[in-house]
Amino acid sequence: MERWRTIIEPFRIKSVEPVRLTSPTEREAKLREAGWNVFNLHAADVLIDLLTDSGTGAMSSEQWAGIQRGDESYAGSPSWYRFLDAVTELWPFRHVIPTHQGRAAEKILFSVIGGPGKVVPSNTHFDTTRANVEFTGAEAVDCVIPEGRQPSTIHPFKGNMDPEALDALIRERGPENVPVVFVTITNNSGGGQPVSMANLRAVREVCDRYGLPLFLDACRFAENAWFIKQREDGYADTPIPEIVREMASLADGMTMSGKKDALANIGGWLALNDDRWAEQCRTMLILTEGFPTYGGLAGRDLEAMAQGLREVVEEDYLRYRIRSTAYLGEALLEAGVPCVQPIGGHAVYIDAAALLPHVPPLEYPGQSLVVALYREGGIRGVEIGTVMFGRHPDGSETPAPMELVRLAIPRRVYTQSHVDYVIEVIRWVAERAPELRGYRIVEQPAALRHFTARFEPL
Ligand SMILES: Cc1ncc(COP(=O)(O)O)c(C=O)c1O
């Protein structure tokens, strides 16, 4: 294993899907039709789709076999029990509530524990988490360590929460107004950065001081565990499943999108220890998702996640996964393209504020770069900046703390030559960055505007 430097894809390809190269003129027309919002494009017009790593992974032959095995009984399906075993082997919480994806778990949890006057701290809330908190009238507050807000500062666990900031927030608002503390692993909106075990322990201590429950937004838990194994003292010889169980032992519950580290195309769950909350959440589940042994899912989806959970903690997979993301990031850094450092687990984040300093935040430098990458190379990334986070529930707008463009890597989908092409296109665009112009929004909904807003070039 150690003899060769090249870290290969630990799989071979059994089924292929064509991708289509379009011309820049065609893509310009597609952009105009889409209101310069790449969420509005037809995916068939995208060559390399790095919009998200969510639900876009390739399943293994064993997962497809599980799909065939899926049992569609309404209640008590064997697929449910296989899923439950796979979840609780890693996350031994008392209650597991299946949902059709992560945000459904968030919606159910916060509709039970949120509400006006409440505040929910996190290292950094993901956009759907923030929106689900705010939708109940509660406030979502980010308490990431200061390094987590500085794109070029190197820190091994840049997703860590600031325990002092958390403590100060709880004292200021009163523990009775904090229903739960959340930690997102890895920290997606903060750059796909990991959280250390020591930090989880420190956050746990703060929670214990005030008798508050700690929940994990655990979408990329296996990637986080791999970083702990690589970077944190004392874990080099600990098997990944044990690291995961230790993270679980520090928490009272979790929300999960199975579309990430359950290696599935759909699915998620909410897991927790509190019996009263679980009962209220199950009532909401029945209203919005389905019976408690399938949630919003088919039996076959539960099978895909059960098998995915076994594969995602394999070290060959994680070594390849984290290395292939770093390969893209390191090539861009070498070419002088500013990126969030160190490179995170599931995505490379280009610092659009640094690359396009001539475009002010309220003219959306990240959006400008996203549009350029699609126009020039058919590559679809996503803005994580003022378009995504700049608008507040009262309709006002302020610049987001960072202006990033995320290139998320679907799991087990693209090969090294696809990534080499992406590097070539980005280098070309970065060399011409001073020519890129800003955008203005001409249409937007009240919440989660980045999905559907329409833009015009300035
Ligand atoms: C950190 C984090 N939390 C929650 C979610 C929501 O999950 P889903 O897309 O399955 O609703 C995502 C999805 O990207 C995420 O990255």
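Below, the structure is looked at part by part. As the structure is a computational prediction, the values presented were derived from the model and not from experiment.

## Observations regarding helix α3 (residues 78–90)
Thought 1: For α3, which comprises 13 residues, the first-to-last C-alpha distance of 19 Å matches the rise-based estimate of 18 Å (1.5 Å per residue) to within 8%.
Thought 2: Buried positions along α3 lie against α2 (61–69), β2 (95–99), α8 (221–231), α9 (240–249), β8 (268–272) and α11 (299–312).
Thought 3: By the N-cap criterion, in which a side-chain oxygen at the helix start approaches the backbone nitrogen of a residue two or three places on, α3 is capped by S77, the distance to S79 being 2.9 Å.

## Concerning the sheet that holds β8
Through backbone hydrogen bonds, the strands of a sheet pair up, either in parallel or in antiparallel fashion.
Thought 1: Reading across the sheet, the 5 strands line up as β2-β8-β7-β6-β5 and stay open at both edges, with mixed pairing between neighbours. Every interior strand has two partners, whereas the edge strands, β2 and β5 (181–184), have only one. Going across the sheet, the axis of each strand differs from the next one's by a mean of 15 degrees, ignoring polarity.
Thought 2: As paired elements, β2 and β8 share 5 bridges and run antiparallel to each other. What sits directly across from I97, in β8, is L270.

## Structural notes on the sheet that holds strand β9 (residues 347–351)
Thought 1: Read from one edge of the open sheet, 3 strands run β9-β12-β11, paired in antiparallel fashion. One side of each edge strand has no neighbouring strand; the edge strands of this open sheet are β9 and β11 (382–384). This sheet shows a mean twist of 35 degrees between the axes of neighbouring strands, independent of strand direction.
Thought 2: Relative to strand β12 (residues 404–408), β9 is paired through 5 bridges, and the arrangement is antiparallel. Within the sheet, the bridge partner assigned to Y349 lies in β12 and is R406.
Thought 3: Against the sheet, helix α12 (residues 315–334) touches β9 and β12, its axis set at about 20 degrees to β9.
Thought 4: Across the sheet, helix α14 (residues 365–377) lies against β9, β11 and β12, angled at about 40 degrees from β12, the strand it touches most.

## Things to note about the environment of V180
Thought 1: Residue position: V180 is located in the loop between α6 (163–173) and β5.
Thought 2: With a relative accessible area of 0%, V180 lands in the buried category.
Thought 3: With 43 residues separating them in the primary sequence, V180 and G137 have C-alpha atoms 15 Å apart.
Thought 4: With sequence-adjacent residues up to four places away left out, V180 is seen in contact with F110, I113, V119, V120, P121, P213 and F215.

Reading the values: the criteria
Think of each chain on its own: its residues are numbered from 1, step by step along the sequence as written. The model is predicted, so local features are restricted to residues of pLDDT at least 70 and side-chain atom pairs to those at 80 or more, both for listing and for counting; the totals for chains, interfaces and linings are taken over all residues. The side-chain figures draw on all heavy atoms in the structure; neither hydrogens nor water molecules are used. Every helix listed is a DSSP run of H or I at least four residues long, and every strand listed is a run of E at least two residues long, numbered separately from the N terminus. Multiply 1.5 Å by the residue count of a helix minus one, and that product is the helix's expected span. Contact between two residues is taken to exist if any of their heavy atoms lie within 4.5 Å; hydrogens are not considered. Side-chain atoms alone can form a polar contact between residues adjacent in sequence; in general such a contact is a pair of N or O atoms within 3.5 Å, and within protein one must be able to donate a hydrogen while the other accepts it. For two strands to pair, DSSP has to find at least two bridges joining them. Under this scheme, a helix contributes an axis fitted over its contacting stretch, all axes are lines through C-alpha atoms, and angles between N-to-C directions fall in the 0 to 180 degree range. Between buried and exposed lies partly exposed: a residue is buried under 20% and exposed over 50% of the maximum accessible area for its type, with that area taken using a 1.4 Å probe on protein chains only.

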